Amino acid sequence: MKFNITSWSLTVYLGIIAALIGLLLRSYFVWPQAFNFRFMLHAHSHAMLLAWLLGALILIIYQQWEIKLSQSTKILFNGLALSVVGMLCSFPFQGYAAISISFSTLHLWLSYALFYRLFRALKNRGPSAKLLRTGILLFYLSSLGPYCLGPLMANEMQSSPWYDQAIYFYLHFLYNGSFFFFLLAIIVHKLKLFSDEKEFQHFYLPMLWGSIFSYALNLEYSFDQSWIYLLAALGSSAQLYAGIRFIKAVFRIRISNHLKLILFLLFFKWIFQILGSTPLIAEQIQFNRFLLIAYLHFIFLGIYTPFIWEMLKRRIPAFNKWMIAYWLLFILSEIALIAPSLKLIPGFQSWPILTFYIYAGLVSIWLILAFSYLKNLRRNTSYHLESNY
C-alpha cells in the first residue's frame, strides 16, 4: 500500500522541533534567556500534541486499517501539519493572539473534516473500529473547550476558574480521551483482541465512563467539593478495572518487551489517577508544578511517544538498543523532576542542570530514532507497519 511520504516527514520533523523546544524550555531553568517562557510553552505543547502525537496516530490508523488515502485526505492532513507550522511561527512571539488563534482554529476545522471521513470509513468494522470511533467523538467533545475561551475572554474572566477548566476540559478529552482510545484501538486491532462481544463490552463500557468521569480530577484544581473527589475516584476505579481486563487480554499473546513496558506504565497511570482523587495528593500536585510536569511527561514521553516508535520500529535500525537508552533516560528524567519536591537528597542544589543534561540525552535519542526512520522511509515510499510482534 502506497503511503504519502510527505505526511510522515512533516509529522516527524514537527515532532523533532517540539522536542527541541522542550529542551530549550528546560534550559531556561539553568540559563534564563530573553524569550517569553509561557509563549514558548504554548508553541511546544501545540506542536507536541497536535503535530507529533495526533499526526502520528492518524497516519498509523490509516495504515493499520488499510483505509484508502484519497488525494483530498492527504491535502487535509498536510493542512493540519502546516497549520501547526503557523502556530510555531506565531505562539513564541505573541502567545494566544489573532494569528496563533487563527491557525489553531484552522487546525480544529481541518481535523473535523478529516475525522468525519475516518468515522464513516470505520462503520461496522469490529471492536477496534468502535474504539476508534469513540476516540473521534471524544475529539469532537474536547473541542468544546477552546470555543468557551472566546466568551470568557470577552467577559474578562481569564482569572476565573472556568477559564482554566475550559483548557483542562480540552486537554483531558484530547489526551486522556481521544488519543487514549486511539492507542487502545490500535493494540486491539493489531493483536485481534476481544472477538467475544460480551467480553469487549465488559472492557469498553467501564473504560468509556471512567474516561468521562475522571475529568473530575481536573475539577479538583478549581473546586474543593467532596462530590468531585468521589466522582474522580469512581472514574479512576472504573478505568483501572477496565485496564486490568485489557492488560490480561493482551498478555495472552506474545508481545514485545517495549509494549509490555508501555502497558506497565499505563497500569501505573490508572493507579496515579486513583491517588490523585484523594484531597491530600491532589493538593500536592496543584501547588507543585514539577510534579504536574512529571505526570504529563510520564504520559507523553513514557506512553504515547514510545508507542508510536514501537509502531514504526521496522524502519529503525538497532531499535531495541536505542529504546533501552531512551527508557533509562526517561526514568532518570522523572526522578530528576520529582526528587526536589520529595527532598530525596537534602541540600542538593544542582537538580536544574542535571535535569537539563538528562533531557538533552533523551532528545538526542529522539533525534536518532527520527532521522533513522526518515532515512529508511525515503528508500521506499511503500510503507508497511509490522504485521506482528
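Residue positions within a chain follow its written sequence, with the count starting from 1. The predicted origin of the model limits local features to residues at a pLDDT of at least 70 and limits the giving and counting of side-chain atom pairs to 80 or more, whereas totals for whole chains, interfaces and linings rest on all residues. Working from all heavy atoms in the structure, the side-chain values ignore hydrogens and water.

Numbering goes from the N terminus for both helices and strands, where a helix is a DSSP run of H or I of at least four residues and a strand is a run of E of at least two. Looking only at helices and strands, one finds 15 helices and 0 strands in the chain. Atoms counted for the radius of gyration: C-alpha only. Globule rule: 2.2 Å times residue count to the power 0.38. Its C-alpha radius of gyration of 20 Å places the chain within 12% of the 21 Å reference for a compact globule of 389 residues. Judged by the C-alpha coordinates and their principal axes, the chain covers about 55 × 45 × 45 Å. Among the 389 residues that make up the chain, the fraction classed as buried is 54%. Any pair of residues with heavy atoms lying within 4.5 Å of one another is described as a contacting pair. Contacts in the chain between residues far apart in sequence, at least 24 positions, make up 80% of those at least 6 positions apart. Shrake-Rupley sampling with a 1.4 Å probe provides the accessible areas, and residues are treated as covered by the protein chains on show and by no other component. Carbon and sulfur atoms make up 66% of the accessible area of the chain, which totals about 17,500 Å². Accessibility here uses a 1.4 Å probe with only protein chains present; expressed as a share of the type maximum, an area under 20% marks a residue as buried, one over 50% as exposed, and anything in between as partly exposed.

To continue, consider empty space enclosed by the protein. Cavity: a set of points on a 1 Å grid over the protein atoms alone where a 1.4 Å probe fits but cannot get out. Pocket: an open set with protein on both sides within 12 Å along at least five of seven lines, its lining residues, like those of a cavity, having an atom within 4 Å of a point. Grid points are joined across faces, edges and corners, and a volume is the space filled by probe spheres set on the points. Applying the stated criterion across every chain yields a total of 2 cavities of 30 Å³ or more. Volume-wise, the largest cavity comes out at about 60 Å³. Taken together, Thr 11, Leu 14, Leu 50, Ala 51, Leu 54, Gly 55, Ile 58, Phe 77, Leu 80, Ala 81 and His 107 make up the lining of the largest cavity. Every element with two or more residues in the lining of the largest cavity is listed here: helix H1 (5-27), helix H2 (37-64) and helix H3 (71-94).

Ring pairs are drawn from Phe, Tyr and Trp, using the six-membered ring of Trp, whenever the two centres fall within 6.5 Å, and their geometry is named by plane angle: stacked under 30 degrees, edge-to-face over 60, tilted for the rest. Applying the stated criterion across every chain yields a total of 39 aromatic pairs. Both rings, one in Phe 356 and one in Tyr 357, keep their centres 5.5 Å apart while their planes meet at 65°; by these two values the pair is edge-to-face. Lysine NZ or arginine CZ positioned within 6 Å of the ring centre and within 35 degrees of the ring normal marks a charge as sitting over the ring. The ring centre of Phe 119 lies 3.8 Å from the NZ or CZ of Arg 133, which sits over that ring. It is Lys 321 that lies over the ring of Trp 322; its NZ or CZ is 4.7 Å from the centre.

The next subject is the environment of Ile 255. Locating Ile 255 in the fold gives a position in the loop between helix H10 (226-250) and helix H11 (257-276). A sequence separation of 64 residues divides Ile 255 from Leu 191, and the C-alpha atoms of the two residues are 8.8 Å apart.

For this analysis, a nonpolar core means a set of buried residues of the types Ala, Val, Leu, Ile, Met, Phe, Trp, Tyr and Cys, connected via side-chain atoms within 4.5 Å. Within the largest apolar cluster, 129 residues are counted, with the highest numbers of intra-cluster contacts made by Ile 187, Phe 203, Phe 246 and Trp 309. Among the elements that make up this core, the one with the highest residue count is H2 (18 residues). In this structure, Ile 187 is in contact with Lys 192, Leu 193, Phe 246, Val 250, Leu 259, Leu 263 and Phe 307, ignoring residues within four places of it in sequence.

A few words on the packing of H1 against H3. Packed helix pairs are specified by the crossing angle of their axes together with the interaxial distance, meaning the distance between the axes. Interaxial angles span 0 to 180 degrees and are taken between N-to-C directions of axes, which are lines fitted to C-alpha atoms, for helices over the stretch in contact. Following both chains from N to C, one finds H1 and H3 inclined at 25°, their axes separated by 10 Å at the closest point. Comparing the axis directions of H1 and H3 gives the class roughly parallel. H3 is crossed by H1, and the crossing has left-handed handedness. Seen from H1, the contacting residues are Thr 6, Ser 7, Leu 10, Thr 11, Leu 14, Ile 17 and Ile 21; seen from H3, they are Phe 77, Asn 78, Ala 81, Val 84, Val 85 and Leu 88. Each residue gets one label: Ala, Val, Leu, Ile, Met, Phe, Trp, Tyr, Cys and Pro are nonpolar, Asp, Glu, Lys and Arg are charged, and the others, such as Gly, are polar. Split by residue class, the contact of H1 with H3 holds 9 nonpolar, 4 polar and no charged. For classification purposes, an angle smaller than 35 degrees is called roughly parallel, one larger than 145 roughly antiparallel, one from 65 to 115 roughly perpendicular, and anything else oblique. Left-handed describes a crossing whose near helix is turned anticlockwise from the far helix by less than a right angle; the clockwise case is right-handed.

Take the packing of helix H13 (residues 289-311) against helix H14 (residues 319-342) next. The interhelical angle for the contact between H13 and H14, taken along N-to-C directions, is 170°, at an axis separation of 9 Å. Our classification of the angle between H13 and H14 gives roughly antiparallel. Packed against H13, whose contacting residues are Phe 290, Leu 291, Ile 293, Ala 294, His 297, Phe 298, Leu 301, Gly 302, Thr 305, Pro 306, Trp 309 and Glu 310, the element H14 presents Phe 319, Met 323, Tyr 326, Trp 327, Phe 330, Glu 334, Leu 337, Ile 338 and Ser 341 at the interface.

For the rest of this paragraph, the subject is helix H6 (residues 144-154). Buried residues of H6: Gly 145, Leu 149 and Leu 152, and no others. An end-on view of H6 places all buried positions within 75° of arc, on one side of the element. At its buried positions, H6 is contacted by helix H5 (127-142) and helix H7 (161-191). Phi for Glu 156, located one or two positions after H6, is positive at around 55°. Working definition: the arc comes from the directions between the helix axis and the C-beta atoms, pointing outward to the latter.

Here a salt bridge means any side-chain nitrogen of Lys or Arg lying within 4 Å of a carboxyl oxygen belonging to Asp or Glu. According to the stated counting rule, one finds 2 salt bridges in the structure shown. Note that Glu 310 is salt-bridged to Lys 313, the shortest N-O span being 2.9 Å. Side by side, Glu 310 and Lys 313 carry an identical accessibility label, which is buried.

Turning to unusual backbone geometry, a few remarks are in order. Among all residues save glycine, negative phi is the norm, and among peptide bonds the norm is trans. Despite not being glycine, Glu 66 shows a phi value in the positive range, around 50°. Residue position: Glu 66 is located in the loop between H2 and H3. Given a relative accessible area of 63%, Glu 66 falls into the exposed group. Positive phi values are uncommon outside glycine, yet Asn 124 reaches one of about 55°. Following the sequence through the fold, Asn 124 ends up in the loop between helix H4 (98-121) and H5. The exposed category is assigned to Asn 124, whose relative accessible area is 74%.

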